[in-house]
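# Structural overview
What follows is the residue order along each chain.
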Amino acid sequence: MAIAQHIILHEGPGGPFESVAVYDDAADSQPGLLLFPNFFGLKEWDIDKAHALAMQGYKVLAVDYYGKGKRGTDMESSGALMQEFTADRAAMRDRLLGALAELKKLPGVDANRLGALGFCLGGKCVLDLARAGADIKGGVVFHGVYDAPPFPNAKMTAKLLVAHGWNDPLCPPEAMNGLAKELTDSGVDWQIISYGHTGHAFTTDTIPLNENSTFGFQPDTNRRSWQAMKDFFSEIL
């Protein structure tokens with residue numbers, strides 16, 4: 001298996017964008033995945049995850065949702081980029097749908113077997129893509145952000161797996177319950193796995209878990225949630 005990566009320049013609201021496609025050039029038809037980064041934006045960590053998924057038989061587009069040359073360098077700059085990106089949820093939705101259109105253009109992508117995964121802000125991207133009625137089979141949210149857009153959802157068809165840190169201060173239990181109600185009312189096939197002693201950013205292996213277990217890397221949860229994702233995509237794609 002020869003995994004290669006390709007820079008994908010694409011236009012759209014707020015563009016141009018510089019995403020990265022990772023897949024086996026020699027493979028025939030394979031399912032496609034969108035990978036949405038955390039609020040720092042697209043970086044090597046995300047591309048490494050894309051390589052791991054490509055090794056499992058997926059064609060992956062690691063998405064630049066901020067725009068070419070726009071990347072967070074610290075919490076403050078990343079927060080500013082996030083605020084700009086999420087201020088207009090309709091424009092944000094259109095960027096996400098544009099990324100899905102780019103995924104469909106990759107050589108050998110099976111347009112009938114598409115999915116998405118995302119981390120932190122990227123988890124919100126997965127949810128908003130599903131809320132937009134995108135034609136993906138399913139999405140996986142890792143320590144996401146759950147607030148709904150200020151307009152009605154389209155008909156949601158994607159199945160959803162949400163990996164949630166019980167101690168996450170950004171999404172306390174009432175936020176998780178609110179998401180469950182939203183998805184239930186929308187008729188979504190959903191599952192939420194809540195992990196104890198786990199907070200936000202539990203997949204981020206560059207940030208140690210803090211004393212209160214509210215923020216930082218949790219190796220057991222990271223491993224278990226990644227396996228849950230693999231099982232989920234294996235089932236639906």
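For the structure itself, look to the data block above.
The text that follows walks through the structure, step by step, so that each part is easy to find. (Residues numbered from 1 in each chain as written. Predicted model: local features only at pLDDT ≥ 70, side-chain atom pairs only at ≥ 80, totals over all residues. Heavy atoms only, no water.)

### Quick word on the overall build of the protein
As a reminder of what qualifies: In DSSP terms, a helix is any run of H or I states spanning at least four residues, a strand is any run of E spanning at least two, and both are numbered starting from the N terminus. Taken over C-alpha atoms, the radius of gyration is set against a globule rule of 2.2 Å times the number of residues to the power 0.38. Think of it in three bands: with a 1.4 Å probe and only protein chains considered, a residue is buried below 20% of the maximum accessible area for its type, exposed above 50%, and partly exposed in between. Per-residue and other accessible areas follow the Shrake-Rupley method at a 1.4 Å probe size, with only the shown protein chains counted as cover for residues.
A tally of regular secondary structure across the protein gives six helices and eight strands. Each helix and strand of the protein, ordered N terminal to C terminal, gives the series β-β-β-α-β-α-α-β-α-β-β-α-β-α. Over its C-alpha atoms the protein spans a radius of gyration of 16 Å, differing by no more than 12% from the 18 Å that the globule rule assigns to 237 residues. In terms of overall dimensions, the protein has C-alpha extents of about 45 × 35 × 35 Å along its principal axes. Across the 237 residues in the protein, those meeting the buried criterion constitute 53%. Surface accessibility of the protein: about 10100 Å² in total, with carbon and sulfur atoms responsible for 53%.

### Section: the sheet that holds strand 5 (residues 109-119)
Formally: Pairing between two strands requires that DSSP report at least two bridges joining them. Axes here mean lines fitted to C-alpha atoms, for a helix over just the part in contact, with angles spanning 0 to 180 degrees between N-to-C directions. Note on contacts: a residue pair is in contact if any heavy atoms of the two residues lie within 4.5 Å.
Taking strand neighbours across the sheet as the criterion, the eight strands line up as 1-2-4-3-5-6-7-8 in an open arrangement whose pairing is mixed. The sheet is open, and its two borders are formed by strand 1 (3-10) and strand 8 (190-195), each paired with just one other strand. Pairwise comparison of adjacent strand axes, ignoring direction, gives a mean angle of 20° for this sheet. Two strands pair when backbone bridges link them, and strand 7 (residues 159-165) and strand 8 are joined in this way by six bridges, in the parallel orientation. Across the sheet, the residue bridging to His-164 is Ser-194, located in strand 8. Helix 4 (residues 121-131) rests against strand 3 (30-36), strand 5, strand 6 (138-142) and strand 7 of the sheet, and its axis sits at about 140° to strand 5. Packing against the sheet, helix 6 (residues 219-236) makes contact with strand 3, strand 5, strand 6, strand 7 and strand 8, and its axis sits at approximately 175° to strand 6.

### Thoughts on helix 4
With 11 of its 11 residues buried, helix 4 lies for the most part within the structure. Within helix 4, the full set of buried residues consists of Leu-121, Gly-122, Gly-123, Lys-124, Cys-125, Val-126, Leu-127, Asp-128, Leu-129, Ala-130 and Arg-131. Where helix 4 ends, the next residue or the one after it, Gly-133, has phi of about 80°, a positive value.

### Remarks on the packing of aromatic side chains
The cut-off we apply is this: Stacked, tilted and edge-to-face pairs are distinguished by plane angle, under 30 degrees for stacked and over 60 for edge-to-face with tilted covering the rest, among Phe, Tyr and Trp rings (Trp via its six-membered ring) whose centres lie within 6.5 Å. A ring is considered to have a charge above it if a Lys NZ or an Arg CZ atom is located within 6 Å of its centre and within 35 degrees of its normal.
One pass over the structure, following the stated rule, counts 10 aromatic pairs. Consider the rings of Phe-39 and Phe-40, whose centres lie 5.2 Å apart with planes at 85°: the pair is edge-to-face. These aromatic residues form a ring-pair network of at least three members: Trp-45, Phe-119, Phe-142 and Trp-226. Its guanidinium or amino end placed over the ring of Trp-226, Lys-49 lies 4.7 Å from that ring's centre, counting from NZ or CZ.

### Details of the packing of helix 2 (residues 75-86) against helix 4
Which entries qualify depends on this criterion: The labels follow the angle: roughly parallel below 35 degrees, roughly antiparallel above 145, roughly perpendicular from 65 to 115, and oblique for the rest. By convention the crossing between two helices is left-handed if the near helix lies anticlockwise of the far one by an angle smaller than a right angle, and right-handed if it lies clockwise. Gly is placed with the polar residues, together with every amino acid not listed as nonpolar (Ala, Val, Leu, Ile, Met, Phe, Trp, Tyr, Cys and Pro) or charged (Asp, Glu, Lys and Arg).
Two elements in contact, helix 2 and helix 4, have axes whose closest approach is 12 Å; the angle formed by their N-to-C orientations is 10°. If you check the angle between helix 2 and helix 4, you find them roughly parallel. The way helix 2 lies across helix 4 gives a crossing that is left-handed. Residues Met-82, Phe-85 and Thr-86 of helix 2 form the contact with helix 4, whose own contacting residues are Leu-121, Lys-124 and Cys-125. Each residue belonging to the contact of helix 2 with helix 4 can be placed in one class, and the counts come to four nonpolar, one polar and one charged.

This is a description of form; function is not addressed.
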